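In case you want the letters, here they are:
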Amino acid sequence: MSGESLRLEFRRQVRERVLETAHQHTVERGWERVRVGEVAVDSGVSRPTLYREFGNKDGLGEALMTREAERFFAAIADALDQHDDVARAVAAATRLTLQEAADNPLLRAVLTGSRSGDAGLLPFLTSRSESIRESARALLAAWLGRRQPELLPSRVEETVDALVRLVISHVVAPALDPVDVGERMAHLVAALLVHPRN
């Protein structure tokens, strides 16, 4: 391994260690109580190193949410790809989304903090240019386009928009079991795609 490769690998390891520590602190305390200095100490890195890598606390928060979103979307893509039938794939991805929203301690800390008046990390989920909603739409649109290339782009866009909005509404205000919501989304997508050329 070259010197440059070693430096990049070391930087990646340091970055991951800092993000893991920030994740733990956020789950335990809430984002508003996370202190960059404490994250540095608990990560075993210097404050200057942490600031060089992330810029400031907002940069750390954005990196934390980006990492979480990447993990989440990788799991969604995997769930979609495990099924040949579009409706079954949507049901599986919906179940996974709702279960992750309920079980993920970081997401729970973000949503709980926002309900108590602590906006914390919520802006990194909702108002950045690469928002969760837009990323979900892009992922689903690309997958559906590959799965059913005969669909008109407008049909793909309408279907994906409806699915994403409905699933997000169930994440924000859960009222049904994830399995039931998954089945509803499967029926919806089957109905929306019944006349693919229209």
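Structure's up top.
Small disclaimer: the values here were computed from a predicted structure and weren't measured.

This next bit is on the packing of helix α9 (residues 153-172) against helix α10 (residues 178-192). How two helices sit against one another is set out by the angle between their axes and by the gap between those axes. Closest axis-to-axis distance for the α9/α10 pair is 11 Å, and the angle between their directions is 165°. Between α9 and α10, the crossing angle belongs to the class labelled roughly antiparallel. Note that α9 runs across α10; the crossing there is right-handed. Every residue of α10 that contacts α9 at R155, T159, A162, L163, L166, V167 and H170 is listed here: V181, M185, L188, V189 and L192. Residues that form the contact of α9 with α10 fall into these classes: nine nonpolar, two polar and one charged.

As a further point, take the pattern of salt bridges. Scanning the entire structure with this criterion turns up eleven salt bridges. In this structure, E53 and R11 form a salt bridge, with 2.7 Å as the shortest nitrogen-oxygen distance. Here R11 lies in helix α1 (residues 3-29) and E53 lies in helix α3 (residues 47-54), a separation of 42 residues in the sequence. A residue is classified by how much of its surface remains accessible, and R11, at 46% relative accessible area, is partly exposed. R137 is the partner of E134 in a salt bridge, and the nearest nitrogen-oxygen pair spans 2.6 Å.

Our focus in this paragraph is the side chain of T159. Its place among the elements puts T159 in helix α9. Under the relative-accessibility criterion, T159 is labelled buried at 0%. In this structure, T159 is in contact with L144, V189, L192 and L193, ignoring residues within four places of it in sequence.

The subject of this paragraph is helix α8 (residues 132-147). Between its first and last C-alpha atoms α8 spans 22 Å; for 16 residues at 1.5 Å apiece the expected length is 22 Å, and the two agree. For α8, every residue scored as buried is listed here: S135, A136, R137, L140, W143 and L144. Elements in contact with the buried residues of α8: α4 (57-81), α5 (86-103) and α9.

Attention now goes to the nonpolar core. Among the nonpolar cores identified, the biggest contains 27 residues, and L80, V86, V90, W143, L144 and V189 are the most heavily contacted of them. Elements represented by at least two residues in this core include exactly α4, α5, α8, α9 and α10. Looking at this core element by element, the count peaks at seven residues for α5. Residues contacting V90, with those up to four places away along its chain left out, are L80, W143, L163, M185, A186 and V189. If you look at the next biggest cluster of nonpolar residues, it comprises 17 residues, including L19, A63, L64 and M65.

Counted according to the given criterion, the structure contains one aromatic pair. One residue, K57, lies across the ring of W31, its end atom 4.9 Å from the ring centre.

The next thing to look at is the packing of α4 against α8. Running from N to C, α4 and α8 point in directions that differ by 25°, and their axes come no closer than 11 Å. When the axes of α4 and α8 are compared, the pair comes out roughly parallel. At the point where α4 passes α8, the crossing takes the right-handed sense. From α4, A69, F73, I76, A77, L80 and D81 reach across to α8, where they touch I132, S135, A136, L139, L140, W143 and R147.

The subject of this paragraph is the side chain of Q148. One can find Q148 in the loop between α8 and α9. Residue classification places Q148 among the buried residues on the basis of a relative accessible area of 15%. Not counting residues up to four positions away in its chain, the partners in contact with Q148 are V86 and L193.

What follows is about the environment of E20. Mapped onto the secondary structure, E20 falls in helix α1. Expressed as a C-alpha distance, the spacing of E20 and R67, which sit 47 residues apart in the sequence, is 10.0 Å. In this structure E20 touches R67 and R71, once residues within four positions along its chain are discounted.

Rules used throughout
- Residues numbered from 1 in each chain as written.
- Predicted model: local features only at pLDDT ≥ 70, side-chain atom pairs only at ≥ 80, totals over all residues.
- Heavy atoms only, no water.
- Axes fitted to C-alpha atoms, helices over the stretch in contact; angles between N-to-C directions.
- Helix = DSSP H or I, 4+ residues; strand = E, 2+ residues; numbered from the N terminus.
- Parallel < 35°, antiparallel > 145°, perpendicular 65-115°, else oblique.
- Left-handed = near helix turned anticlockwise from the far one by under 90°.
- Contact = heavy atoms within 4.5 Å.
- Nonpolar A, V, L, I, M, F, W, Y, C, P; charged D, E, K, R; others polar.
- Salt bridge = Lys/Arg side-chain N within 4 Å of Asp/Glu carboxyl O.
- Buried < 20%, exposed > 50% of the residue type's maximum accessible area, 1.4 Å probe, protein only.
- Expected span 1.5 Å × (residues − 1).
- Core = buried A, V, L, I, M, F, W, Y, C linked by side-chain atoms within 4.5 Å.
- Phe/Tyr/Trp six-rings, centres within 6.5 Å; stacked < 30°, edge-to-face > 60°.
- Lys NZ or Arg CZ within 6 Å of the ring centre and 35° of its normal.

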